[in-house]
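Inside the fold
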Amino acid sequence: MTSINHVELTKSNEMNAKIVVMGSNSFSGAAFCAHAMKKGAEVIGISRSAEPDAVFLPYRWQSEGRHFRFHQLDLNHDLDRIMTLIEEVRPQYVVNFAAQSMVAQSWAAPEQWFMTNIVSTVRWHDRLRRCEFLEKYAHISTPEVYGSCSGEVTESAAFNPSTPYAVSRAACDMSLRTFQAVYGFPVIFTRAANVYGPGQQLYRIIPRTVLFIKLGRKLHLDGGGHSVRSFIHIRDVAEATLSALERAPAGETYHLSTRRIMSIRELIELICRMMGVDFADQVEVSEERLGKDASYRLNSDKARRELAWQDQISLEEGIEEVIHWVENNFQTLRNGPLDYIHKP
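Residues numbered from 1 in each chain as written. Predicted model: local features only at pLDDT ≥ 70, side-chain atom pairs only at ≥ 80, totals over all residues. Heavy atoms only, no water.

Examining the sheet that holds strand S4 (residues 93-96)
Here we have seven strands laid out as an open sheet, ordered S3-S2-S1-S4-S5-S6-S11, and parallel in their pairing. Of all strands in the sheet, those bounded by a partner on one side alone are strand S3 (68-72) and strand S11 (253-256). Going across the sheet, the axis of each strand differs from the next one's by a mean of 20°, ignoring polarity. As paired elements, strand S6 (residues 187-192) and S11 share four bridges and run parallel to each other. Across the sheet, the residue bridging to Arg191 is His255, located in S11. (Pairing = 2+ DSSP bridges. Helix = DSSP H or I, 4+ residues; strand = E, 2+ residues; numbered from the N terminus. Axes fitted to C-alpha atoms, helices over the stretch in contact; angles between N-to-C directions.)

Here it is, written out as structure tokens:
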């Protein structure tokens, strides 16, 4: 039986709402489902893949799971069934985490990223905009739409995508802007810094580093790890997303980030210190990946001001949670897939 690290989720006022979550099997989607249920919401999850091992599903770690229903449906192939479900449930909110993700891999088959992230998603939006019961639609976007940036980036920054993945996400965001302007579609956008936390896929940098240290394996560091990022705990992002659903006017965009910026190398050095190992013994430098953006510095003042939101979990606290999650589930995780597996 899988041993799961039960991480207590933040509690505040109860949320009496029905929420449909697209991409509920993704790391961010699963963590949001857990957080929303903890607040009292009824959550209906939709993903194209079957549910993975519960070790990767935070919403399965808590008794509030009775408020969750899952449906395996693919936006590319099951649009009618998805809309039938939404029209039956009549949720106040829909939150969309679903997207063909992964930056580097999008170069190999860009048409697949464009089909899922633009064509199929816009078809869905054109059906969803007709749902009069829908109070708010949260589109979980990405800072990749801005390309590589210097200085802090605000929500009004121009799009300058540099990869097929980023182009596909920017195009969908632009389509939604027109739907909001012309139809009054109640969309809000969030763009978060690099998210992390217990339950994240093992190809992501924080859980991968922790697991490789436990396995005694060398970690490949693209380009020496000089890219600069902010790392934000997924529960802080989930709390901001719920606040945006309840507070934000349609059409608004919010950046979610901590104010702590560091390079990927500095992040790995921190994890090594926390786990008592030497960085030089754990890391091999490899070539930089194609089109990788050098820096994201998201200005999150708007979310802090308008949503009454603050990030609460320090990077050290969050990394410690990931370490405990890996240790508590080591036998399961060591035998799982360590690399991204593309699903066309």
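Quick word on the nonpolar core
Of all hydrophobic cores here, the largest spans 39 residues; its most connected members are Ile19, Phe32, Val43, Tyr59, Val95, Leu245 and Leu256. Elements represented by at least two residues in this core include exactly strand S1 (18-22), helix H1 (27-38), S4, strand S5 (136-140), S6, helix H6 (234-247) and S11. For this core, the element with the most residues is H1, which contributes eight residues. When near neighbours in sequence (up to four residues on either side) are disregarded, Phe32 contacts Ile19, Val21, Val95, Phe97, Ala238, Thr241, Leu242 and Leu245. Judged by nonpolar contacts, the second largest core, of 32 residues, contains Trp61, Ile213, Cys272 and Leu338. (Core = buried A, V, L, I, M, F, W, Y, C linked by side-chain atoms within 4.5 Å. Buried < 20%, exposed > 50% of the residue type's maximum accessible area, 1.4 Å probe, protein only. Contact = heavy atoms within 4.5 Å.)

Digging into the pairing of S4
Where a strand is regular, its side chains alternate between the two sheet faces. Neither face of S4 is left uncovered, since the one carrying Tyr93 and Val95 and the one carrying Val94 and Asn96 both have all their residues buried. Direction of pairing for S1 relative to S4: parallel, over a ladder of four bridges. The residue of S4 that forms the bridge with Val20 is Val94. Relative to S5, S4 runs parallel, the two sharing four bridges. If you follow Val95 over to S5, its bridge partner there is Ala138. Taken together, S4, helix H3 (residues 110-128) and S5 constitute a β-α-β crossover, and its handedness is right-handed. (Right-handed = clockwise from strand over helix to strand, strands pointing away.)

A look at the packing of aromatic side chains
Evaluation of the coordinates by the stated rule reveals seven aromatic pairs. Judged by centre distance (5.6 Å) and plane angle (45°), the rings of Phe32 and Phe97 are tilted. Of the two residues, Phe32 is situated in helix H1 and Phe97 in the loop between S4 and H3; the sequence distance between them amounts to 65 residues. Phe97 gets classed as buried once you look at its relative accessible area, which sits at 13%. Ring pairing ties together the aromatic residues Trp124, Tyr137 and Phe185, which thus form one cluster. Seen from the ring of Tyr254, Lys302 lies directly overhead, with NZ or CZ sitting 5.0 Å from the centre. (Phe/Tyr/Trp six-rings, centres within 6.5 Å; stacked < 30°, edge-to-face > 60°. Lys NZ or Arg CZ within 6 Å of the ring centre and 35° of its normal.)

Some points on the pattern of salt bridges
Enumeration over the complete set of coordinates arrives at 16 salt bridges. In this structure, Arg127 engages Asp80 in a salt bridge whose closest nitrogen and oxygen atoms are separated by 3.1 Å. With Arg127 in helix H3 and Asp80 in helix H2 (residues 79-89), this residue pair connects regions lying 47 residues apart in the sequence. Using a relative accessible area of 30% as the deciding quantity, one classes Arg127 as partly exposed. With a closest N to O distance of 2.8 Å, Arg260 and Glu316 form a salt bridge. Taken together, the positions of Arg260 in the loop between S11 and strand S12 (262-263) and Glu316 in helix H10 (residues 315-328) put the pair 56 residues apart, joining distant regions of the chain. The exposure class of Arg260 is partly exposed, given its relative accessible area of 35%. The class for Glu316 is partly exposed, based on a relative accessible area of 30%. Within this structure, Asp126, Arg129 and Arg130 form a network of salt bridges that share partners. (Salt bridge = Lys/Arg side-chain N within 4 Å of Asp/Glu carboxyl O.)

Purely geometric numbers; function is a separate question.
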